[in-house]
Amino acid sequence: MSRTTVSCATPKDHHLPAITVDTDDEKVEVHKEGWLSRESKFLKKLKKSYVVLTRDCLYSFHSKPVDIDAAVKGKDKQCVPEDKYELPIFKTVTISEGKHCHHAHQFEITSLKSKVIFVGSSCFDMEEWVLKVQCVQRWIATGGQQAKLSGDFQSL
């Protein structure tokens with residue numbers, strides 16, 4: 001298992017944390033995976049995606065990958081991620097409420113420049129995704145030092 005720590009290259013991005021990137025010989029840590037609906041960027045229609053949460057990204061796929069490790073690393077040409085959301089850039093994940101909520105069980109991840117809306121299959125599913133993403137974000141923000149949040153990070 002080998003890792004490389006990458007820090008920001010430009011002074012403009014000095015506020016971003018250093019990211020530990022897995023090399024190809026290390027298995028990707030999957031903290032949650034499953035089907036979610038995702039709102040399209042322009043038409044605002046829901047489409048089903050298979051979503052995989054790793055220690056630094058959310059990946060969405062058209063179909064469930066046979067080999068998640070190969071799909072996330074881009075080695076499976078049959079199952080390429082349709083979108084990749086790097087969690088160090090997306091600063092917040094919140095449950096949508098009030099006039100901003102267009103769908104039941106809706107939550108969103110936001111960065112300074114964009115917002116992605118996901119919809120869980122149930123209230124429990126939505127809350128579980130939000131908690132897992134928040135846990136990974138805290139882990140990233142603390143440089144991987146804060147392993148205990150609401151339980152052991154390794155058991156996510």
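Our subject is the structure that appears above.
Computed from a prediction, not measured in an experiment: that's the story for all the values here. (Residues numbered from 1 in each chain as written. Predicted model: local features only at pLDDT ≥ 70, side-chain atom pairs only at ≥ 80, totals over all residues. Heavy atoms only, no water.)

### What to know about the overall build of the protein chain
Assigned secondary structure in the protein chain consists of two helices and nine strands. Reading the protein chain from its N end, one meets helices and strands in the order β-β-β-β-β-α-β-β-β-β-α. When the 156 residues of the protein chain are sorted by exposure, 40% land in the buried category. Of all intrachain contacts in the protein chain linking residues separated by at least 6 positions in sequence, the fraction that spans at least 24 positions is 46%. Summed over its atoms, the accessible surface of the protein chain is roughly 9400 Å², and 55% of this surface lies on carbon and sulfur atoms. (Helix = DSSP H or I, 4+ residues; strand = E, 2+ residues; numbered from the N terminus. Buried < 20%, exposed > 50% of the residue type's maximum accessible area, 1.4 Å probe, protein only. Contact = heavy atoms within 4.5 Å. Areas by Shrake-Rupley, 256 points an atom, 1.4 Å probe, with all protein chains shown as cover.)

### Some details on the sheet that holds strand β9 (residues 115-119)
Strand pairing in a sheet is mediated by backbone hydrogen bonds. Such pairs are either parallel or antiparallel. Taken together, the seven strands give an open sheet; going across it, the order is β6-β5-β4-β3-β9-β8-β7, and neighbouring strands pair in antiparallel fashion. At either margin of the open sheet sits one strand with a lone partner, and together these are β6 (83-86) and β7 (92-95). Direction aside, neighbouring strands of the sheet carry axes that sit 35 degrees apart on average. As paired strands, strand β4 (residues 46-54) and strand β5 (residues 57-61) are joined by four bridges and run antiparallel to one another. Paired with Y50 across the bridge in β5 is F61. Where helix α2 (residues 123-141) meets the sheet, its contacts fall on β3 (30-39), β4, β5, β7 and β8 (106-110), and the angle it forms with β3 comes to roughly 125 degrees. (Pairing = 2+ DSSP bridges. Axes fitted to C-alpha atoms, helices over the stretch in contact; angles between N-to-C directions.)

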